[in-house]
Structure formats: structure tokens, C-alpha cells
Amino acid sequence: MIKYYSKHIISVIIFLLISVIYFSPVLEGKKLYQPDKVNYIGASKEIVDHRAEYDEESLWTNSMFGGMPAYQISVVYKKNLISHCNQLFKLFIKGPVGAVFLYLFGFYFLLISLRIDYRLAIVGAIAFAFSSYFFIIIEAGHNTKANTIGYIAPLLASFLLVFRGKILLGFSLTALFTSLILYANHLQITYYTLILFLIIGIFKFIESFKQKTLSIFFKNISILLLAGLLGTLTSIDRIATTFEYGQESIRGKSELTNDMSNKTSGLDKDYATAWSYGIAESFTLLIPNFHGGSSSGALTTDSKTYRLFKNSQQASQAKKIIKQLPLYWGSQPFTSGPVYSGAVVCFLFVMGLFLIKGYLRWWILITFLLMLALSWGKNFMPLTDFFLNYIPGYNKFRAVSTTLVIIELLIPFLGILTLNEIIKKGKTNKVMKSFKYALGIVGSLCIIFVLFPNAFFDFEGLYDDQYGDALAEGPYEMSWLTTDPSLGIQVISDCADQDEKCSGPVRWASGNEAIKTATIDFYDKVGRRDFKSLGSSLIGFLISIILSVTAIVLLFGTSSDRKVRASRATVLNQIRNSIFTKIRNSKG
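What counts as what
Residues numbered from 1 in each chain as written. Predicted model: local features only at pLDDT ≥ 70, side-chain atom pairs only at ≥ 80, totals over all residues. Heavy atoms only, no water. Helix = DSSP H or I, 4+ residues; strand = E, 2+ residues; numbered from the N terminus. Buried < 20%, exposed > 50% of the residue type's maximum accessible area, 1.4 Å probe, protein only. Contact = heavy atoms within 4.5 Å. Areas by Shrake-Rupley, 256 points an atom, 1.4 Å probe, with all protein chains shown as cover. Expected span 1.5 Å × (residues − 1). Core = buried A, V, L, I, M, F, W, Y, C linked by side-chain atoms within 4.5 Å. Salt bridge = Lys/Arg side-chain N within 4 Å of Asp/Glu carboxyl O. Disulfide = S-S within 2.5 Å. Phe/Tyr/Trp six-rings, centres within 6.5 Å; stacked < 30°, edge-to-face > 60°. Patch = residues over 30% accessible without salt bridge, like charges linked within 9 Å, V, L, I, M, F, W, Y side chains within 5 Å. pLDDT = per-residue confidence, 0-100.

Caption draft 1: Region of interest: the overall build of the chain. Within the chain, the secondary structure is distributed over 24 helices and four strands. Within the chain, the fraction of its 588 residues that count as buried is 44%. Once local pairs closer than 6 in sequence are excluded, the contacts in the chain between residues at least 24 apart make up 75%. Carbon and sulfur atoms form 63% of the exposed surface of the chain, whose accessible area is close to 31400 Å².

Have a look at this one:
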């Protein structure tokens, strides 16, 4: 018995260490800046002050929207004992550390309930917890969402326990984790979890029908419904007030519109689907920066983008700009980063679709495909329209890409079950056949995207134009420049027949870089006593100065029109390149 519990205690300690080490600055008393939490503190200020002064809950606040119910912002339900269980499952640790620990422990609980070896369960827990999106929401301050995600896995474990004949244990845990997931208070995530359970229930019904055990099936369903009802009652006040308020908000029915095709009985379609995942963008599950990454990502000074900005603006500005670039080029308004589950985990997931048999594989696959298609939102309107118009409750939620949370659960879940099967069976023909199928599918996709990226995508973001304007603010560059060390100056041959690479706004250079290069090259040759080629280097140095000064006088002294200056810069560039070419060809 001691040995049995000791391995789980060790697992908990490992999860605690991972959580604390990852957010190690908390040990120095620091706190993670979370924008949404800051907004919440401001929104709830009046309510919190009233609570502190009068030791009672205010159900109304005047600080938001000219007045609104306070129970949609901050209400403390002191007699809800589930709050203590919530703290227990996070080891009474608040903030990001507690959230990550809950991710880890919750998924570990799911795998252990299926009798997966605890060491493999630790690996699975890490694979699940470190899905990129789960940390993105922590950084943003979506704490209720993070806590709700942490309870999906243990609730799924409890649900499956009932169907595995563990009636009393499954009933008790289903009631408990239903209470906890509702206490976490993110109804959208809970709603998607219910869709997952509905699909599992359908497959269990089919399985029972074929095995002629429908009586057992309906008994299990009754037990689960009763457990779910008991768990729901612990948060019924919050759910009831939310439902009441929702009828009077934009989530309620309204006729105030001139576009009935955009209306539903809840949110308008364009609002509900504003954050829709791109169909091709779905490959970020396998390849993290498949669609660029974040809308405010950072590049290094080694990037071509940095050099481009450096040549059009001052270096200090270029360094500042590359710290916050719109690397994301998908269809969402903006994003803090991709939904990435891990390449190895995705490979195991695909392999599991061939290796794992039975209804488990099918309910995982059907749920995966449905949630993926729903995440596409406005990019796949036939399905989205059907759900918004006919599935109760679906149109009450926005940001349909949130359905990917369920996919981030299913991928490591099937992946670890696959790895468990491989470890148990070894190198059998069935395992190797599944491995080859997965390698062929995943490997082929990766190779195609590496070899032919431009065949499928244009890599253009919604807001790239504003950075074109930023480039235009700096001095124009005469041409796409390279360096000819023998001349000590930057040169390039003219573009033949209006090559596409030369299209776009014509830019001219101040000449600083050319003069600098030529000067360094000139003194370098003197130091090396390379007098043979010194003459051409000196000529290049003098020409660079003359043409740079001439460019300034001609371009800014003769016209204030940018297009005229750009046209003259092109002519000047052709003359310069012609001179350099003659010098280069005449060197001996």
C-alpha cells in the first residue's frame, strides 16, 4: 500500500517542481503581468471596496457600463465548500503555478484511472500541460479558462469510470469534478466538454446496442445524469444569474438589426466567429509557427527583416521595431501565438488512429474532426451556421477557435495510449505497420511544406501594409544591394526586364553604408600592401561619396514629390551601376 501511494506522491512532487521552476520568479516575490487580470481588478474595484467596508456582497456596480449586476464581475460565495476542494487540487497555490500544477495533475489522474504506468502518465501529463495555448491564456490572464481546462481530464476520467463498472467511485468523482469545473466558471469550455461527453455517449450506446446491454447503458447514463445534477447544484446560483443576465445582453435575442442573415438567437454570427482558426492554420498543431506565430512576435538582428528596416531607418528604431512584429499571417484579427500540441505527440496521435482498436479510437477521431471543423468558424460556414442556428447554447459563445482546447486534450490522450500499446506489445507487425502509416502521413506533409511553401501560401498578414508605410518613412534605397569587395562598395547589376524582385516602391540609400564599406576596404588594402587593386578601391570610394552627395541634391533639391524623386533615383542608380561595371571589367 505504501509503495502504491509513494509513486503518486513522487509524481505530485515532480509536478510541483515543474510548476515552480517554470515560474521561478515567483520565488523572488514577483508576479506575472496578466492584462485581463489587471482589467478585472479595475472593474471590480468598487465591489471589492464595498465588501471590505461593509463585509457584505454587493450585487450591483455603477462602475461598468453605467451600471450592471455585480455577480457578473465579482461575488464571493462564502458558503460554497467546493472552493476548498478547488484550492486542494492546486495545493493551495494561487496564480500561474497553481494553474500549471492543475494541468499536470488532472491529466495524470486521467491516465492513472486507465491503469497507465505512473511513469508514462507523468510523460503524458507534461505533454498535455505544455500545449502552447495553455500558457498563452495564462499570460493573458484568462485564469478561469485555465482552471476549467485543468478539470476536463479528471472529469473525463470520472465519466469513463462509470462505463467501466466503477459505479460508486465514478458517481462520486463525476459529482465532485462537475462541481469543480463549474466553480472554475468558464461555461464555454464546460459546454464543449459536454459535447465531448455526448459523442462518447453515442458511441457507448452503439456499442451497448450491438452487445445487447442497453439496460446497463441506460443505468450508467442515469447515474451520470444524477451525478452531474448534484455537481451542478453547487453552482446553481451563479449559473441561474448568468442565464438571466444573458437574456438581456448581446447574447440574448434581439430584432434590432438591418441584416437578419447575421442574426441568431444569441450572438451575431460575425461577432461569434471573429476569432476563427484558418483551415490551413490547423497545421500549427504539428508545426508551431506554420502561420508565422504571434501577432506581436520578435525577430533577431540576424534576420533579413532587421537589415531591411536598418537600411530604411536608424538602427535604434530597427531594433525596437523587430521586437514587436506581426509575424502571424492568418485570418484571425490577432493572436498571441499558435495552438501547438507537439510534433512527437501529433505523430503518436496519428499512429494511434491505426494502432488502437475499438470504439475509443472512433469517438476520439469524430470529436477531433468535429471540434477542428467548428474552430474554423467563418471559414467553414455550413457547419458553423448549423450549430449557431440549431444547437442549443452554441450561439452564446464567441471565439469559436476555443474548441481546439478539446483537441489539445485528445491528441496527447491518444498519443500516450499509443505509446503504452507500443511498450506492451513491442515491435510487432501491427505496431510497425501503424508506424509506417503515421510516418508516411506526417512525414509527407512536413516535406511538402518545407519544399514547396510558396505553392500553398502567400505569407501575407492582415496588417502588413502598415509596415510598408514604416519603411517608406525612411530614406529610399537605390537598389537591392550586394557587396563587391574588390570595388569596396555595394553594387548590383540592373534588373533585367523589370524582374519581379525589383518591383514595389523604389528606395534610395544615404550612402553611409557604401562609404563605410569602401573606407574599410581601402585602409585594409593599404595595411596588406595590396597596391595592385588599391586604385579601383579608391575610385569606388570617391564615386560613392560623389553619387551620395549628388543623390541628396538632385532628389531633395529638385522635387518634393516622392514618386518623382524615386524615378530620378532609379536613373541615378543605373548610371552608378554602369560605372561600377566598367571599372570592374577593366581591372587587371
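Caption draft 2: Inspection of unusual backbone geometry at higher detail. One non-glycine residue with positive phi stands out, namely leucine 91, at about 55°. By the element assignment, leucine 91 lies in the loop between helix H4 (82–89) and helix H5 (95–113). For alanine 399, which is not a glycine, the phi torsion comes out positive at approximately 55°. Structurally, the position occupied by alanine 399 is in the loop between helix H18 (381–390) and helix H19 (404–425).

Caption draft 3: Representation of helix H16 (residues 343–355) in the model. Along its 13 residues, H16 runs 18 Å from first to last C-alpha, staying within 8% of the 18 Å computed at 1.5 Å per residue. For H16, a buried count of ten out of 13 residues is recorded, marking the element as mostly surrounded by other parts of the structure. All of the buried residues in H16 are Val345, Cys346, Phe347, Leu348, Phe349, Val350, Met351, Gly352, Leu353 and Leu355. Check the buried side of H16 and you find it contacts helix H6 (118–129), helix H17 (359–375), H19 and helix H20 (429–451).

Caption draft 4: Inspection of the environment of alanine 399 at higher detail. Alanine 399 sits in the buried class, given a relative accessible area of 17%. Separated by 122 residues in the primary sequence, alanine 399 and tyrosine 277 place their C-alpha atoms 9.1 Å from one another. For alanine 399, the contacting residues outside a window of four places in its chain are Gln188, Ala272 and Trp275.

Caption draft 5: The arrangement of the nonpolar core in detail. Ranked by size, the top nonpolar core spans 102 residues in total, and within it Tyr103, Phe107 and Trp363 carry the most contacts. Here this core gets 13 residues from one element, more than from any other, and that element is helix H8 (residues 143–163). Non-local contacts of tyrosine 103, meaning those with residues more than four positions away in its chain, are made with Phe128, Ala129, Phe134, Ile137, Ile138, Ala146, Ile149 and Gly150. Membership of the second largest hydrophobic core comes to six residues, among which are Phe309, Ala318, Ile321 and Ile322.

Caption draft 6: Here's a closer look at the environment of valine 162. With respect to the helices and strands, the residue valine 162 is situated in helix H8. Relative accessible area serves as the criterion here: at 0%, valine 162 is assigned to the buried category. Each C-alpha atom, one on valine 162 and one on isoleucine 223, is 8.0 Å from the other, the two residues being 61 residues apart in sequence. For valine 162, the residues in contact, after removing those within four places along its chain, are Ile167, Gly170, Phe171, Thr174, Asn220, Ile223 and Leu224.

Caption draft 7: Highlighting H17. Between its first and last C-alpha atoms H17 spans 24 Å; for 17 residues at 1.5 Å apiece the expected length is 24 Å, and the two agree. Of all the positions in H17, only Arg361, Trp363, Ile364, Thr367, Phe368, Met371, Leu372, Ala373, Leu374 and Ser375 are classed as buried. Looking at the buried residues of H17, the elements they touch are helix H10 (187–211), H16, H18 and H19. Positive phi appears at glycine 377, one or two residues downstream of H17, with a value of about 50°.

Caption draft 8: How the structure looks around the pattern of salt bridges. Tallying each qualifying case throughout the model produces nine salt bridges. A salt bridge links glutamate 57 to arginine 51; its shortest N-O distance comes to 2.8 Å. Taking relative accessible area as the criterion, arginine 51 reaches 17% and is therefore assigned buried. Across the salt bridge formed by lysine 204 and glutamate 207, the nearest N and O atoms sit 3.8 Å from each other. Placement of the pair is lysine 204 and glutamate 207 together in helix H10, with a separation of three residues, close to one helical turn.

Caption draft 9: The arrangement of the state of the cysteines in detail. Within this structure, the stated rule accounts for zero disulfides. The structure places no disulfide on cysteine 346, whose sulfur is separated from the nearest cysteine sulfur, that of cysteine 446, by 9.5 Å. In this structure cysteine 446 comes out as partly exposed when scored by relative accessible area, which is 26%.

Caption draft 10: Here's a closer look at the packing of aromatic side chains. Following the criterion strictly, the structure yields 40 aromatic pairs and no others. Between phenylalanine 101 and phenylalanine 105, the aromatic rings sit 6.1 Å apart at their centres with planes inclined by 5°, giving stacked as the arrangement. Taken as a pair, phenylalanine 101 and phenylalanine 105 lie in helix H5 at a separation of four residues, close to a single helical turn. The residues phenylalanine 101 and phenylalanine 105 share a single accessibility class, namely buried. Cluster of aromatic residues (ring-pair linked, three or more members): Phe159, Phe163, Phe197, Phe205, Phe209, Phe217 and Phe218.

Caption draft 11: The arrangement of a nonpolar patch on the surface in detail. Together, Tyr4, Tyr5, Ile9, Ile13, Leu17 and Ile21 give the surface a local cluster of nonpolar side chains, amounting to about 640 Å² of exposed area. Relative to the helices and strands, tyrosine 4 is located in helix H1 (residues 2–22). Overall, tyrosine 4 belongs to the partly exposed group, its relative accessible area being 43%.

Caption draft 12: Summary view of the confidence of the model for the chain. With 77% of its residues at a pLDDT of at least 70, the chain reaches an overall mean of 82. Across residues 473–513, where pLDDT falls below 50, the model places 92 contacts with residues more than four positions away in sequence or in other chains. Within the model, pLDDT remains below 50 along residues 554–566, and this stretch shows 20 contacts once partners closer than five positions in the same chain are excluded.

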